[in-house]
Amino acid sequence: MPHGVQVPSEIVEKWQEIVDLLAEIMEVPSALIMRVEPPNIEVFVSSESKANPYHPHEIACLNTGLYCETVMSTRKPLLVPDALQDEEWKSNPDIKLGMVSYLGFPISWPDGEIFGTMCVLDNKRNEYSELYRKLLRQSREVLQADLRSLLASHRELEQRETKIRRLVDANIIGITIWTLDGGVLEANDAFLGMLGYERADLVSGRVRWTDLTPAEWRDRDARAVNEVKTTGIVQPFEKEFFRKDGSRVPVLLGMAAFDDRREQGVAFVIDLTERKRAEAEAREGERRYREVQMELVHANRLATMGQLTASIAHEVNQPIAAVVTNAQTALRWLRAQPPDLAEVQQALDRTVKDGNRAGEVVGRIRGMIQKTLPRKESLDVNHAIREVIALTRGEAMKSRVSVEAQLAEGLPPIQADRIQLQQVILNLIVNAVEAMTPTTDGPRDLLISTEKAEPDGVLVVVRDTGPGLSPASVDHVFDAFYTTKPGGMGMGLSISRSIIEAHGGRLWAAANVPGGAVFEFTVPASGRGESAEAGLCPRFAGDARSTR
């Protein structure tokens with residue numbers, strides 16, 4: 001078929017309603033939509049009117065003198081009031097079916113290629129009034145608008161498929177095309193090599209993701225299947241696969257269904273073997289580092305305490321000297337004749353008080369010199385933003401972008417992964433700077449602001465004065481592989497939204513006034529949302545330059 005585009009059933013049903021209505025209004029036995037498929041022409045849609053001799057999907061050969069052939073070859077409307085009285089048309093094949101009058105218009109794809117015709121036919125003479133001609137012409141416009149939409153959607157799908165194919169063939173990460181029942185329809189060399197399989201194993205059907213999964217991970221797989229059925233996507237999670245030799249490989253796996261049926265989709269798989277090894281080494285290194293760090297801190301405290309020896313001695317000697325003095329006073333009053341027990345009682349009370357005071361001093365010294373582990377604290381979002389602004393200051397200056405921060409005071413702390421949160425902020429800032437870089441006229445202003453979000457959280461806003469987002473871009477800017485930048489893979493904003501949602505927040509975009517774009521996200525305050533789960537969002541794909 002031209003363009004390789006299939007007309008979906010819902011469009012066919014719409015066209016069926018149109019031809020039925022045309023036949024009824026114009027009181028003719030036949031209203032048709034014809035589709036050309038050289039060397040034939042097909043009755044694509046036929047009205048369900050009485051006495052209509054044409055049937056859907058009926059095929060006729062071209063170059064036989066049909067009315068529609070002339071319409072398609074001339075690309076002009078054709079009116080034949082009475083073929084029996086017309087020397088040019090009295091041998092037309094349609095006359096054998098009793099159709100002696102004809103009115104038809106050409107139907108074209110947006111690039112001008114002929115799709116076919118839209119026509120009405122009558123078994124008697126019919127001049128087809130100007131009103132009828134206008135009605136058929138407007139109906140034809142509806143069909144051509146549908147074809148424009150179909151072709152645009154088809155080309156967008158082709159572009160996405162091209163990007164996916166580029167990613168698959170790049171073999172940077174493992175990529176598979178899966179079926180929900182456990183099949184692996186396609187996989188790139190990176191995935192096959194990760195598990196030690198050959199392409200012949202894939203072709204033979206021996207590679208199934210359900211068989212690759214160890215028993216202890218099948219419950220997690222079942223949850224992933226439910227996520228796909230419910231939402232169409234699965235946020236990246238860690239699991240293990242069996243290699244062909246029976247050994248195991250730890251992986252990070254993310255999945256997305258292709259369509260609303262959610263029976264097939266794509267999975268991105270990263271081999272975590274080296275990362276796990278590095279993490280183990282890092283944990284051991286961190287443990288040793290912390291031990292050394294604690295020793296150094298401890299040594300520093302001891303050195304400081306050594307420098308304060310005189311002050312410490314004075315601090316301890318004071319209550320000890322008072323204890324001795326009070327004890328001597330108590331003894332003296334006990335030796336008196338008669339003993340003054342009231343004075344003895346007062347002296348002993350002062351002894352106890354000064355002894356407790358000496359104990360408190362010793363306790364404070366002990367707290368100063370003992371080893372303690374550092375404590376994790378909640379994240380100050382303003383501090384995290386300032387760090388990213390400092391990181392991007394050089395790029396903004398090079399692009400002549402003025403960066404301003406309006407960070408509200410008194411914001412509640414948030415519980416978040418600093419690296420992942422700063423990755424989102426970095427992505428939004430770099431996107432905004434890049435969007436404004438080609439601008440030759442007008443201001444290049446970037447405003448990053450924070451404020452308290454209701455009911456309990458923080459709102460971060462990144463606002464630029466660049467070219468902005470079209471309504472279509474706003475609808476798709478967070479879709480995976482969607483990008484408006486040449487060479488972009490369209491992954492950054494999709495991953496940024498995943499990060500923010502994993503923290504219990506929300507990320508969205510809108511148009512700036514009077515021009516530019518606004519990206520906003522919320523993050524709940526500590527204790528209100530979900531904490532950032534380690535490895536939840538794939539940092540490998542969070543390229544801040546890959547979107548918008």
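Refer to the structure presented above.
Residues numbered from 1 in each chain as written. Predicted model: local features only at pLDDT ≥ 70, side-chain atom pairs only at ≥ 80, totals over all residues. Heavy atoms only, no water.

Caption draft 1: Spatial organisation of empty space enclosed by the protein. For the coordinates displayed, the defined rule picks out one cavity of 30 Å³ or more. Space inside the largest cavity adds up to approximately 120 Å³. Lining the largest cavity are 13 residues, and of these W209, F241, L253, M255 and A267 lie nearest its centre. Within the residue set of the lining of the largest cavity, elements represented by two or more residues are β7 (174-179), α7 (218-231), β10 (248-257) and β11 (264-271). Top element by residues in the lining of the largest cavity is α7. It accounts for three residues. The class makeup of the residues in the lining of the largest cavity is eleven nonpolar, one polar and one charged. (1 Å grid on protein atoms, 1.4 Å probe; cavity = no way out; pocket = protein on both sides within 12 Å on 5 of 7 lines; lining within 4 Å. Points joined across faces, edges and corners; volume = space filled by probe spheres on them. Helix = DSSP H or I, 4+ residues; strand = E, 2+ residues; numbered from the N terminus. Nonpolar A, V, L, I, M, F, W, Y, C, P; charged D, E, K, R; others polar.)

Caption draft 2: Highlighting the pattern of salt bridges. Within the structure shown, the criterion is met by 22 salt bridges. A salt bridge links D122 to K124, with the shortest nitrogen-to-oxygen separation between them at 3.1 Å. We classify D122 as buried; its relative accessible area is 1%. Residue classification places K124 among the partly exposed residues on the basis of a relative accessible area of 45%. The partner of R125 in a salt bridge is E127, with the nearest N and O atoms 2.5 Å apart. Overall, the relative accessible area of 49% leaves R125 in the partly exposed class. Owing to a relative accessible area of 43%, E127 belongs among the partly exposed residues under this scheme. Each of E238, R275, K276 and E279 takes part in salt bridges that share partners, so that together they form one network. (Salt bridge = Lys/Arg side-chain N within 4 Å of Asp/Glu carboxyl O. Buried < 20%, exposed > 50% of the residue type's maximum accessible area, 1.4 Å probe, protein only.)

Caption draft 3: Layout of the sheet that holds strand β6 (residues 114-122). A sheet is described by the order of its strands in space; here six strands give the open sequence β3-β2-β1-β6-β5-β4, paired in antiparallel fashion. Looking at strand neighbours, the two that pair on one side only are β3 (59-61) and β4 (78-80), the edges of this open sheet. Between one strand axis and the next, the sheet turns through 25° on average, direction left out of account. The sheet contacts of helix α1 (residues 9-26) involve β1 (30-37), β2 (40-46), β5 (101-108) and β6, and relative to β2 the element is tilted by about 80°. Running over the sheet, helix α2 (residues 67-74) touches β1, β2, β3, β4, β5 and β6 and is turned about 140° from β6. (Pairing = 2+ DSSP bridges. Axes fitted to C-alpha atoms, helices over the stretch in contact; angles between N-to-C directions. Contact = heavy atoms within 4.5 Å.)

Caption draft 4: Representation of helix α14 (residues 492-502). Counting buried positions along α14 yields nine of eleven residues, so the element is predominantly enclosed. Each element contacted by the buried residues of α14 is listed here: β9 (233-242), α12 (418-436), β15 (506-511) and β16 (517-524).

Caption draft 5: Fine view of the sheet that holds strand β12 (residues 402-407). A sheet is described by the order of its strands in space; here five strands give the open sequence β12-β13-β14-β16-β15, paired in mixed fashion. Lying at the two open borders of the sheet, with one neighbouring strand each, are β12 and β15. Pairwise comparison of adjacent strand axes, ignoring direction, gives a mean angle of 15° for this sheet. Here six bridges tie β15 to β16, and the two strands are oriented antiparallel to one another. For R506, the partnering residue across the bridge sits in β16 and is T522. Strands in contact with helix α11 (residues 381-398) are β12, β13 (445-453) and β14 (457-464); relative to β12, the strand with the most contacts, it is inclined by about 175°. In the packing of α14 onto the sheet, contacts are made with β15 and β16, and the angle to β15 comes to roughly 135°.

It is worth stressing that arrangement in space is one thing and function is another; only the former is reported here.
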